[in-house]
Amino acid sequence: MSKPAPKPTATDIAAQVRSGERTAVEVLEEHLAVVADRESEIHAFNVVIADEARERASAIDAQIASGEDPGPLAGVPVALKDNMCTTGIPTTCSSKILDGWKPPYNGTAVDKLYEAGAVVVGKTNLDEFAMGSSTENSAFGPTLNPLDTSCVPGGSSGGSAAAVAAGFAALSFGSDTGGSIRQPAALTGTVGLKPSYGTVSRYGLIAFASSLDQIGPFANTVADAAAGFEAVAGHDPRDSTSIPEQLRPVTPHLSDGVDGMRIGVITELMGDGELKGFEPEVIAQTRAAADALAAAGAKVSEVSVPSVVYGLTAYYLIAPSEASSNLARYDGVRYGNRVTGVNTAAMNTATRTAGFGAEVKRRIMLGTYALSAGYYDAFYGKAQRVRTLIIDDFARAYEDFDVLLSPTSPCVAFPFGAKSDPMTMYLNDTCTIPSNLSGQPAISVPFGTGDRGLPVGVQILAPMLGEVELFKVAAVLEGANQ
Amino acid sequence: MTNKSATKTESQELLPEGWEMVIGLEIHVELATATKLFSPAQNSFGSEPNQNVHPVCLGLPGTLPVVNEKAIEFAARIGLALNCTVQKCVFARKNYFYPDMPKDYQISQFDEPLNIDGWVDLPVAGTRIRVERAHVEEDTGKTTHVGDSGRIHDAGYSLVDYNRAGVPLVEIVTHPDIRGPEEAKEYVDEVRAMVVAVGASDGKMEEGSLRVDANVSVRPAGSDELRTRCEIKNVNSLRSIGRAITYEAKRHVNLYESGKEPIQETRHWDEEAGRTRDGRKKEDSDDYRYFADPDLVAIDPTPEWIAQIAASQPALPAQRREALVSAGADSEGAALVVQRDLDSLVLAVIEAGGEAKRVLNHATNNLAIEGAEALSPSNFADLVKMEADGALTSTQAKQVLAEMVSDGSTPADIAAKHGFEAMDTGELEATLDEIISSSPQEWERFVNEPEARGKLQGFFVGQVMKATRGQADGKLVNQLLAKKANS
Amino acid sequence: MVDDAAHELDRDEVAKVAGLAMLELTDEELDTFTPQLGAILAHAQDMENLDLADVAPTHHPYPLVNVMRPDVVAEDAGGPELRDAVLAAAPDVEDNRFKVPPALGGD
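Cut-offs and rules
Residues numbered from 1 in each chain as written. Chains lettered and ligands numbered in written order. Predicted model: local features only at pLDDT ≥ 70, side-chain atom pairs only at ≥ 80, totals over all residues. Heavy atoms only, no water. Contact = heavy atoms within 4.5 Å. Buried area = accessible area lost by both parts, 1.4 Å probe. Salt bridge = Lys/Arg side-chain N within 4 Å of Asp/Glu carboxyl O. Polar contact = N/O pair within 3.5 Å; in protein donor to acceptor, adjacent residues only side chain to side chain. Helix = DSSP H or I, 4+ residues; strand = E, 2+ residues; numbered from the N terminus. Nonpolar A, V, L, I, M, F, W, Y, C, P; charged D, E, K, R; others polar. Pairing = 2+ DSSP bridges. Axes fitted to C-alpha atoms, helices over the stretch in contact; angles between N-to-C directions. Phe/Tyr/Trp six-rings, centres within 6.5 Å; stacked < 30°, edge-to-face > 60°. Lys NZ or Arg CZ within 6 Å of the ring centre and 35° of its normal. Parallel < 35°, antiparallel > 145°, perpendicular 65-115°, else oblique. Left-handed = near helix turned anticlockwise from the far one by under 90°. Buried < 20%, exposed > 50% of the residue type's maximum accessible area, 1.4 Å probe, protein only. Core = buried A, V, L, I, M, F, W, Y, C linked by side-chain atoms within 4.5 Å. Domains from an automatic or database assignment.

Observations regarding the interface of chain C and chain B
When the parts come together, some accessible area is lost, and that loss is often what is quoted as the size of the interface.
Phase 1: Contact with chain C, which involves 37 residues of that partner, is made by 50 residues of chain B.
Phase 2: Summing both partners gives a buried area of about 3700 Å² for chain C against chain B, and 62% of it is carried by carbon and sulfur.
Phase 3: For the chain C face of the interface with chain B, the top three residues by lost area are C:L20, C:R69 and C:D71, together amounting to 20%.
Phase 4: There are zero salt bridges connecting chain C and chain B.
Phase 5: Taken together, the links from chain C to chain B amount to 22 residue pairs in polar contact (both at pLDDT 80 or more).
Phase 6: Sorting the residues of the side of chain C that touches chain B by element identifies α1 (11–20), β1 (68–69), α3 (79–88) and β3 (97–100) of chain C as the ones contributing at least two each.
Phase 7: In terms of residues, the side of chain C that touches chain B owes the most to one element, α3(C), which gives six residues.
Phase 8: Its residues assigned to classes, the side of chain C that touches chain B comprises 22 nonpolar, six polar and nine charged.
Phase 9: Pairing analysis gives two bridges linking strand β2 (residues 67–68) of chain B to β1(C), with the strands arranged parallel. For B:V67, the partnering residue across the bridge sits in β1(C) and is C:M68.

Encoded structure:
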C-alpha cells in the first residue's frame, strides 16, 4: 500500500479561493497534474473535461476579481459519477448502450454544484448502471483502488471514491442504492454519505432503483462531506419524492461532540449472528470505534434490529424489479446505440442484448421475473412488507438511541476477481442495504486498518433527516482516527 | 342522436333470432390541459413533429415525472359528472415495449384509480350504464408506418413523433351494460357532452381527443352469462362505433352457430372494408408487470377539495335537460336542444312568456345554431306569441325567425315589412268555398269516402296554400274542412 | 405460473423472462443464469419465516401525498432547438421523427 500525500481539503480550497489567496485555475492545474500522473493507472474517470474545467475555473477567478462570491465550493475540483446527467458532456452509466450519449440537460444536483462554484473535472467510472460492488462491471474496464492497485475500489461508485482517494478531485459525488457510496468509501479510506432519501433531488440521476437511489458526496474529511452534502441538498419541484421541509444545516454542528449521545451497536451486523463473512479486523475496528465514542462521552451499548437480516433478500427483489422497468427505455429508438433488426422488436432485442453487460441482464431478468404475473405477491409484494418491518425495527431502536453503529462493509478492499459469484458479491452490501430500504441516512467514516493494512470503514446510521447527528458522530470518529 | 330506443329489440333486430349483444366501452378522453400529465411540455394538437416535447416526456435517462394538478382536477370533474366516487389513487407502471412509448412503460392507474363506481343515464334509451372506473394515464406518441400501402403489415419502416406522448388521458370503463349499437352511440355522445360541459376536453373524435374501444360479445337473449369478448380498437367516429359493434356481434353469432367459438383478442376496425381484423399478435406481452410507480406519490383528494370541485361544476347535460323539462319541454326535444347548446336561450324565451312547445319546435327544427346566441329572448317570445295568436302562420313564423337572427329586428317589424298577416277565418272560409265549388268531384269523395279523406285533405290544403301564397294557417284549414264535411 | 416462491426456476422460464425483457440469451448464458437466478430467488424463501399478513407494504421511504405541479409550460420545453438536439442524439431519424424498423416484418 502506497501512502498517499496529504490532500488539500475542499473546505480549505474554497476558503482560499474566496479570499483570493489562491486562484481556482491554480487549484485546478494542481489536480489535473495528479490526474496526468496517475489516471492512466487508476482509471477513475470515463471522461476528463480539462478544457471545460479550465474555462470554468477562469470564470470563477473572474467572479472573485469583480468582487462576486462564486459560492461555498468556489474553485473546488469535483468529480461526478457518470450516471449524473451533464449538458453536452457524455453520460454513459459505464454501459455500451449509452456510450457517447450527451444529455441535453443538467441534473438538479449538477446545477446546484455549479451554483456553489464547483469546478467539474470529469465523469467517473461505475459498475454498469450502478449495479455492483467493485466497479468490475463497467463496460469500460475496472477502476483500481489507489491504496492498493491489485484491489477493487468497491462499487458501484468506485470511480468517484478513487478520484477523491487519489487526489484527482477534492470532492466527488456518487449514488447509493444499496451501499454504492458507503462501501467504496470504506474500501478507499474516504468519507461517504448516503443522505436521507428525498433530501438530494434525483432529477438527472439515471435511475437504477427509484425508491432506493440517493446522491451523496465522497470526501477526504468529514467537514468536506458536510459541505458537499449541503451544496446538493434541498427541495426540488422536479422530483416528486423530494422532501419539501427545510433541512437543518450540518456544518455548524461538526464540533458539537457526542457527550451524552446514545449510540447503539447493531448486534446483527457484528458478525456473530446469522449474517456471516465479517472479517475479524473489521469487527475489531468497529468495536474500537464504539469505544472511542464512549471515551468521548457517548453512552454506547448493543441493540438488536432483528429484521436487518432480511434486508439483502428484500433488496434483491425490490431493486431489480424497479430496475427492470427503469432500464426498459434503452431500446435503441431515441438515444444511445442501436443494433438493427428486421422489425422493431428484433431491433429492441438486438440492441439490449448487445448493449447490456451480464450483471445488468441478470438483474433485469430477476426483476422481470419477480414482477411477472403470479409472482408479484410472493416476491415484490412480500419484499415491500419486509421493508416495513425494517423501518419499524429501526423506529424501535431509535426510541432508545440517537444513532446506530455497524461496519460499513464486512471486508476491506478485495483483489480483482475475488468475488465472481453474484451471491458472494451481493453479501458485501449486507450492512448498507437496510438504510436504503428504510430511506434513512448513513455515513461511512474510515477507522483504522484491517487485513493487509487496508482501511476499515465504520458506518453510522441515523433516523430520517438525522444528518446533523450523523455528522457529529462522524467528526468525533475522524478525530479519534488520527 | 337518434330517436330509436328499445334496446332489446334493437339488438334482436340486428342479430339472428335468439341472440343479444353484450357491450362494454372504454373511452379515452384527452384532457384540455396546457401541459402534459407528467411533463411540462405543451399539450396541443397539430404541431410540427417532435415540437411539443421536453426531456421528461421523451423519457430521457434521469428525468422524473411530476403530476399536473390541472389534469387531476379535470379528471375529478369527469369522475363527478359520471357519478363516481373520487378517491385516493396511485399511479402504476404498465410495462411493455412499444416504440411510441418513450419509457417502454405507460404510467397509468391499476388497482387504485381516481374515480370508481359511477353511472350514466341515457336520456333517450332510458337505460343506466354503470361506470366501473375512470382512471388517469398518459397517452402514447404516434407511429406512422411508411411503406407501399401505409398499413402496419407491410410497412418498410416507421417514424415516431412524441408530441402526443404524455398527454393526459382519462379512461372511462363501463360494465358490460350496453345492449346495442344505438345505445353505445348514445352513451358515447352523452359522455362526450359531459366532458365538454365540465371543460375537461374538447371531445373532438376527429382529432383523437375522444377515442373508443369496444368490448363486444354475444349471448342467448335473456341469459346473464358473459361469453368470450373481443376488444375492437380504432373506432374513430360515432358511425364506426355502431358499424363495428354490429359487425363484430354478427361475427360472434356466426361462429357460435357454425359450432365454433370466438377467441379473446384485440381486433382492429377497418372502416373502408367495413369489418374487424385480428390485431398484431403480442405473445406474452399481456404480462404488464404493474407496480406502483416509485417516482410518484399517491394523490389523496381531500373531502374539502372534492366539495369545492363539485360546487364549481358547470351544469351537466342531464341537469340542463331536466331544467328544460321542468319548464315544459318534452324529453326528446330537451335532449336535442341541449345537444344543440340552445338550452339557455330556450329557457329565457319560455321565461319571457313563450309557449314551451312552440319554442322547442323552433329551437329544434327552425333555428340555426350559428347566430342564435344574438337573439333577444323577449323578441323570440313575442314571435311565439304572435304565432300562437294566429297573427303568423307557422311558415311565416319560421321565416321571421330566420330574419330576426340575421338583422336583429323585432318580429312585428319583420312581419309588417313582408305584409304577413294571418288571414281571418271569414276570408279563409270564402277562399275554401271557392275551391270546393271548383272541385266538386274531389269534395264529393272527401265527404263520402273516409278512406280517401286523408289524401284529399292534403289536396284541399295545398290548393288553399296555393291560393293564399302560403299565408293560410294549415291547422285552421283542416278545422274548416272537417266542419264543412260534417255539416 | 404458480404463486409460490418455493417454485424452482427452470431454463424455459428464464428464456421466457428474457423474452419479456427483450433480451436474447445464448445457450451458455441460459446455463449460467438459470442456477444464479435460482440461488438468488431461493433466498426469498427466508421471508416465509416472517408473519407479514398484517404488515403494509412500503412503496416510499418518506411518505408524501399530493405532490403536483402547476399546469404551466416550462421554459426548457419544446421548440426546434431541443428537438434538433434530441434528434441529433438518436440512432436514426427522418423528417424530424425517430426512424425505426417496421412493427412487423421478417417473421
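Some points on the interface of chain A and chain C
Phase 1: In this assembly, 64 residues from chain A lie in contact with 57 residues from chain C.
Phase 2: Contact between chain A and chain C buries roughly 5400 Å² in total, counting both sides, with carbon and sulfur atoms accounting for 70%.
Phase 3: Counting the contacts that link chain A with chain C gives two salt bridges.
Phase 4: A salt bridge links A:K382 to C:E48, with the nearest nitrogen and oxygen atoms 3.2 Å apart.
Phase 5: At the junction of chain A with chain C, the criterion picks out 15 residue pairs in polar contact (both at pLDDT 80 or more).
Phase 6: Elements supplying a minimum of two residues to the side of chain A that touches chain C: α9 (311–326), α10 (344–355), α11 (358–371), α12 (377–400), α13 (422–426) and α14 (433–438) of chain A.
Phase 7: Ranked by residues supplied to the side of chain A that touches chain C, first place goes to α12(A) with 12 residues.

Thoughts on the sheet that holds strand β5 (residues 105–109) of chain B
Remark on secondary structure: sheet strands pair via backbone hydrogen bonds, oriented parallel or antiparallel.
Phase 1: Strands sit in the order β5-β4-β15 (chain B) across an open sheet of three strands; the sheet is antiparallel. For this open sheet the edge positions go to β5 and β15 (291–292) of chain B, each flanked by a neighbour on one side alone.
Phase 2: Direction of pairing for strand β4 (residues 91–95) of chain B relative to β5(B): antiparallel, over a ladder of five bridges. Opposite B:A92, over in β5(B), you have B:S108 as the bridge partner.
Phase 3: Across the sheet, α9(A) is in contact with β4, β5 and β15 of chain B; its angle to β4(B) comes to roughly 65 degrees.

Some thoughts on the packing of aromatic side chains
Phase 1: All told, the structure shown has 26 aromatic pairs over all chains when counted by the stated rule.
Phase 2: What links up through ring pairs into an aromatic cluster is the set A:W101, A:F129, A:Y330, A:Y335 and A:F356.
Phase 3: Its guanidinium or amino end placed over the ring of B:F446, B:R453 lies 5.0 Å from that ring's centre, counting from NZ or CZ.
Phase 4: Over the face of the ring belonging to B:Y157 we find C:K99, whose NZ or CZ atom lies 4.3 Å from the ring centre.

Quick word on the pairing of strand β14 (residues 275–278) of chain B
Residue and element names in this part refer to chain B.
Phase 1: The pairing of strand β13 (residues 265–270) with β14 spans four bridges and is antiparallel. Considered in β14, the bridge of H268 is made with R277.
Phase 2: Counting the residues that bridge the hairpin from β13 to β14 gives four residues, and of these G274 lies at a positive phi of roughly 70 degrees.

As for the packing of helix α6 (residues 317–326) of chain B against helix α7 (residues 331–339) of chain B
Residues and elements named next belong to chain B.
Phase 1: Contact geometry for α6 and α7: axes closest at 9 Å, N-to-C directions at 130 degrees. With respect to α7, the axis of α6 lies oblique. Considering how the two elements wind past one another, α6 and α7 form a crossing that is right-handed. Of α7, the residues touching α6 (which contributes P317, R320, R321, L324 and V325) are S331, A334, A335, V337 and V338.
Phase 2: Looking at the contact of α6 with α7 residue by residue, the class counts come to seven nonpolar, one polar and two charged.

Quick word on the sheet that holds β14(B)
Residue and element names in this part refer to chain B.
Phase 1: With mixed pairing, the nine strands of this open sheet are ordered in space as β3-β6-β7-β10-β1-β11-β12-β13-β14. This sheet does not close on itself; its edge strands, each paired only once, are β3 (85–86) and β14.
Phase 2: Pairing geometry for strand β7 (residues 128–138) and strand β10 (residues 168–174), over seven bridges, is antiparallel. Counterpart to E138 in the pairing with β10 is P168.
Phase 3: Taken strand by strand, helix α3 (residues 181–197) contacts β1 (19–30), β6 (115–121), β7, β10 and β11 (210–220), and its axis lies near 20 degrees from that of β1.

Considerations on the pattern of salt bridges
Once the charged atoms of two side chains with opposite charge are near each other, the side chains can pair.
Phase 1: Under the criterion given, the structure shown has 61 salt bridges over all chains.
Phase 2: Between A:D256 and A:K472 there is a salt bridge, and its shortest N-O distance comes to 4.0 Å. Here the residue A:D256 occupies a position in the loop between α7 (222–232) and β7 (262–266), and A:K472 occupies one in helix α15 (residues 467–480), the gap between them amounting to 216 residues.
Phase 3: Judged by its relative accessible area of 17%, A:K472 falls in the buried class.
Phase 4: Across the salt bridge formed by B:E271 and B:R243, the nearest N and O atoms sit 2.7 Å from each other.

Considering the side chain of A:K361
Phase 1: Assignment of secondary structure puts A:K361 in helix α11.
Phase 2: At a separation of 2.8 Å, a polar atom in the side chain of A:K361 contacts the main-chain carbonyl oxygen of A:T353.
Phase 3: Contact partners of A:K361, with chain neighbours within four places excluded, come to A:R352, A:T353, A:F356, C:L23, C:L25, C:E29 and C:F33.

Remarks on the pairing of strand β11 (residues 455–461) of chain A
All names here are of chain A.
Phase 1: Of all seven residues that make up β11, seven are buried, and the element is covered over most of its length.
Phase 2: Where burial is concerned, the two faces of β11 agree: the one with P455, G457, Q459 and L461 and the one with V456, V458 and I460 are both buried.
Phase 3: The pairing of strand β9 (residues 403–407) with β11 spans four bridges and is antiparallel. Bridged to S406 within β11 is Q459.
Phase 4: Of the pairings in the sheet, the one linking strand β10 (residues 442–449) to β11 comprises six bridges and is antiparallel in character. Opposite I443, over in β11, you have I460 as the bridge partner.

Describing the nonpolar core
Phase 1: Residues A:F129, A:L404, A:I460 and A:F471 are the most contacted members of the largest nonpolar core, which totals 197 residues.
Phase 2: Per-element accounting of this core gives the leading share, nine residues, to α12(A).
Phase 3: In terms of nonpolar packing, the next biggest core, distinct from the first, is built from 64 residues, B:L31, B:V195, B:C230 and B:I306 among them.

Thoughts on the domain arrangement of chain B
Residue and element names in this part refer to chain B.
Phase 1: When its domains are assigned, chain B resolves into domain 1 (4–311), domain 2 (317–418) and domain 3 (425–486).
Phase 2: Just the C-alpha atoms count here: the centres of domain 1 and domain 2 sit 38 Å apart.
Phase 3: Taken together, the contact pairs seven residues of domain 1 with four residues of domain 2.
Phase 4: Both sides together, the interface formed by domain 1 and domain 2 hides about 440 Å², and carbon and sulfur atoms give 58% of it.

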